[in-house]
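# Chain and residue survey
Now for the letters of each chain:
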2 protein chains.
Amino acid sequence: MKKNIITLFLILTCIVSSRISFAQDDPLPSWNDDTLKASIIAFVKSVTMDGTSTFVPVEDRVATFDNDGTLWCEKPLIQGLFAMYRAKQMVEKNPSLKQKQPYKAIASNDMAYIQKMSEQDLIKLVVATHTGLTEDEYEKQVADFFANAKAPNGKSVADLVYKPQVELLQYLRANGFKTYICSGGTVDFMRAISIKYYGIPPEQVIGSTFVYVYKDSAGINDIYRLPKLATFNDKQVKPVSIQYHIGKRPIFACGNEGGAGDVYMLRFSQGGKYPSYQLIVNHDDKEREAYYQEKDNKSLNWAKKYGWHVVSMKGNWKTIFATN
Amino acid sequence: MKKNIITLFLILTCIVSSRISFAQDDPLPSWNDDTLKASIIAFVKSVTMDGTSTFVPVEDRVATFDNDGTLWCEKPLIQGLFAMYRAKQMVEKNPSLKQKQPYKAIASNDMAYIQKMSEQDLIKLVVATHTGLTEDEYEKQVADFFANAKAPNGKSVADLVYKPQVELLQYLRANGFKTYICSGGTVDFMRAISIKYYGIPPEQVIGSTFVYVYKDSAGINDIYRLPKLATFNDKQVKPVSIQYHIGKRPIFACGNEGGAGDVYMLRFSQGGKYPSYQLIVNHDDKEREAYYQEKDNKSLNWAKKYGWHVVSMKGNWKTIFATN
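Along each chain, residue indices are assigned from 1 in the same order as the chain's sequence is written. Chains carry letters and ligands carry numbers; both start at the beginning, A for chains and 1 for ligands, and go up in the order they are written. Given that this is a predicted model, residues contribute local features only at a pLDDT of at least 70 and side-chain atom pairs are listed and counted only at 80 or more, while totals for whole chains, interfaces and linings are drawn from all residues. To get the side-chain values, all heavy atoms of the structure are used, and hydrogens and water are removed first.

For chain A, the name recorded in an unreviewed UniProt entry is Haloacid dehalogenase-like hydrolase, with Pinibacter aurantiacus as its organism.

Right, dumping it as structure tokens:
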């Protein structure tokens, strides 16, 4: 009897430890076990195996990821939520603003008006709410927002991050990749959460920028944020920003369909001397996230034309969010 | 007798090993053992000692260095040598250029003319010789230049690097600092040698930039370099470029007197929440390097006013170049 118990214990131990070992061996547990996941792992193995023709030296293993719609939701646009949050604060400080749109709509939660705002008007609102203060003041505002903010569905902003992508970033870094964000969001907004949400340090975040001036007078020794965009980091600007910032082509580039903002970054990653991998996230999961497609299907058409891989959020991701 | 030999052997071993240990303990062997060197070491110790009020977390240990006149010579300006090298190539390809200045003077080695060129004309020459081609073509040109170039004194360009500064960069990195170049030189020129000369990877180089456009047509998938400066990374622009690129204030900043180009970078490094260290290299060694001083002494005056440290190349550096 005692012998039997010991045998049973040993068998159980083996089962448990083999399961633990299986979980440890799977670098992408939120991805379904299919050909897409296998192709990512095959690519990473091929560029990290020394002595082969596909090997890429560690210093050239650069990976760039878009942010909105690629690493976290873009419906709602989280930087848009921050703009609303700031606009409300501005109205509190200066109530006469309430006479003017879009502040009037924001102060009264007039969602019908807000949802109909044009892209141009949204950019104007972002500029107005993100500038006219020093960098230190701005960073404090952003930190306060992320500490308290909720999305309209009640989730915390941190819960809008895609879990499979966090695993992918970790997996790439574990294989010597340096991971970067290259997004249309403004750079110092994303930097507030890049290490906490994605494990990406602020200096590896590339984004849109405002015109900055340095001020060293009247007790201020800081960057002052002027109400004017210096760069809008989208489409053909992304490869240019990568060249300014990194000076190397990515060999792994990931974006999303929705506004065709990432196709030139992915093309750029195909023009170097090394093997490379391109990935487009397709928002085709109405149930768990959102369904939206480009009118002209540019991103998915280019994916077919240039041999890029496509993530079906519905088909390829086992889990989308860390919490439901 | 045998015992005496053993004793002698032991004594010799002790002397030799204590010398080795001394050399290993000295992180800055090309710096004279004086109060300046002691102050650098004291600062590094103070920010790396966990549990003290002066401790700085490793992710915030950012060090920025100017390049020309700070890490290598700026008389002659090495990027100026490259401009001459490129101008000669351009004349070879298109002999009609020889009718025009400054190409005529460069082709005929008319040093009197070249030395009298204004700053404006020099910038024009740099723009003309660094642009109008793709990034891949440009990088090949720069690599060829560094492989073959000699300074007017016959030294190779690599021998114009200041040895004490290479030691300082290594010492900072050994203590968890991330070291950056932040220079007026153009970014992709410096990136060609940053890792080889300084141990600084290309993505940690910040410099002046040309206007870039991304081209994906007619067989080209590359950045195209337009003949126009996007930023001239000098004076008040340096803190701004640091904010765009790093998003953190340096806690160690080093520049040189000569054109007062670094004073705002050093001031910026004093405005954060951490202890910080500022260093200005003074070109006061006519014998071993060069002697030149600002007319208004701005850099040295600000050093006094704001408590920065000054390197006398003559007094503080035991060795300046790896080869003489």
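### Overview of the sheet that holds strand E8 (residues 309–312) of chain A
Residue and element names in this part refer to chain A. Selection rule: The pairing criterion for strands is at least two bridges between them, as found by DSSP. A run of DSSP states H or I qualifies as a helix once it reaches four residues; a run of E qualifies as a strand once it reaches two. Both are numbered from the N-terminal end. Contact criterion: two residues are considered in contact whenever any of their non-hydrogen atoms come within 4.5 Å of each other. Axis lines are fitted through C-alpha atoms, for helices just across the contact stretch, and the angle between N-to-C directions can take any value from 0 to 180 degrees.
In spatial order, the strands read E2-E5-E4-E3-E1-E6-E7-E8; together these eight strands make up an open sheet with mixed pairing. The open sheet has two free edges, formed respectively by strand E2 (133–134) and E8, since each of these has just one partner strand. Bridge count between strand E4 (residues 205–217) and strand E5 (residues 220–231): eight bridges; the pairing is antiparallel. Of the residues in E5, the one forming a bridge with Phe-210 is Leu-229. Helix-sheet contacts for helix H2 (residues 35–48) involve strand E6 (252–256), strand E7 (277–282) and E8, and the interaxial angle to E7 is about 150°.

### Thoughts on the confidence of the model for chain A
Rules: Residue-level confidence of the predictor is summarised by pLDDT, bounded by 0 at the bottom and 100 at the top.
In the predicted model, chain A carries a mean pLDDT of 93, and the fraction of residues at 70 or more is 92%. Confidence drops under a pLDDT of 50 for residues 13–22 of chain A, and excluding neighbours within four residues, the segment shows zero contacts in the predicted structure.

### Brief notes about the packing of aromatic side chains
Convention followed: In this analysis, rings of Phe, Tyr and Trp, with Trp reduced to its six-membered ring, are considered paired at centre separations within 6.5 Å, and the interplanar angle assigns stacked below 30 degrees, edge-to-face beyond 60, and tilted for intermediate values. Only protein chains enter the accessibility calculation, which uses a 1.4 Å probe. A residue is then buried if its area is under 20% of the maximum for its type, exposed if over 50%, and partly exposed in between. Here, over-ring charges are defined by two tests on the NZ atom of lysine or the CZ atom of arginine: distance to the ring centre within 6 Å, and angle to the ring normal within 35 degrees.
For the structure shown, the criterion picks out 54 aromatic pairs over all chains. Each ring, one from A:Trp302 and one from A:Trp308, has its centre 6.4 Å from the other, and the planes form 55°; the classification is tilted. Residue classification places A:Trp302 among the buried residues on the basis of a relative accessible area of 16%. Grouping aromatic residues by their ring pairs yields a cluster made of A:Trp72, A:Phe82, A:Tyr85, A:Tyr138, A:Phe145, A:Phe146, A:Phe189, A:Tyr197 and A:Tyr198. One residue, A:Lys215, lies across the ring of A:Tyr224, its end atom 4.2 Å from the ring centre. The ring of B:Tyr292 has B:Lys75 sitting right over it, with the charged end atom 4.5 Å from the ring centre.

### Brief notes about the relation of the copies chain B and chain A
Note the following rule: Superposition of the copies was done by least squares, using only C-alpha atoms of residues whose pLDDT is at least 70 in both.
Each copy of the sequence occupies a distinct position, and chain B is placed on chain A by a rotation of 180° and an axial shift of 0.0 Å, giving an RMSD of 0.0 Å. The symmetry that links the two subunits is that of a two-fold axis. Relative to the rotation axis, the closest C-alpha in chain B is found at B:His245, a distance of 3.3 Å. Same-surface contact between copies: 100% of interface residues of chain B are shared with the interface of chain A.

### So, helix H11 (residues 237–245) of chain A
Residue and element names in this part refer to chain A. Burial analysis of H11 places seven of its nine residues in the buried class, the great majority of the element. Those residues of H11 that fall on the buried side of the exposure criterion are Lys-238, Pro-239, Val-240, Ser-241, Ile-242, Gln-243 and His-245. Backbone geometry just downstream of H11 places Gly-247 in the positive-phi region, at approximately 75°.

### What about the domain arrangement of chain A?
Residue and element names in this part refer to chain A. Test applied: Domain ranges listed in this record stem from an automatic or a database domain assignment. A 1.4 Å probe defines the accessible area here, and the buried area is the portion of it lost by two parts on being joined, summed over both. Basic side-chain nitrogens of Lys or Arg form a salt bridge, by our definition, when they fall within 4 Å of a carboxyl oxygen of Asp or Glu. All residues other than Ala, Val, Leu, Ile, Met, Phe, Trp, Tyr, Cys, Pro, Asp, Glu, Lys and Arg, Gly among them, are scored as polar; the first ten of these are nonpolar and the last four charged.
Considered domain by domain, chain A is made up of domain 1 (30–74 + 158–316) and domain 2 (78–148). Each partner contributes to the interface: domain 1 provides 22 residues, whereas domain 2 provides 18 residues. At the boundary of domain 1 with domain 2, total buried surface from both sides reaches about 1700 Å², with 68% on carbon and sulfur atoms. Area buried by domain 1 at its contact with domain 2 is led by Phe-189, Asp-222 and Arg-225, which between them contribute 38% of it. Inspection of the region where domain 1 meets domain 2 yields one salt bridge. Two residues, Glu-135 and Arg-225, come together in a salt bridge whose shortest N-O distance is 2.8 Å. Elements with a minimum of two residues in the side of domain 1 that touches domain 2: strand E3 (178–186), helix H9 (187–191), E4 and E5. At nine residues, E5 tops the list of elements feeding residues into the side of domain 1 that touches domain 2. Partitioned by chemical class, the residues of the side of domain 1 that touches domain 2 number 16 nonpolar, two polar and four charged.

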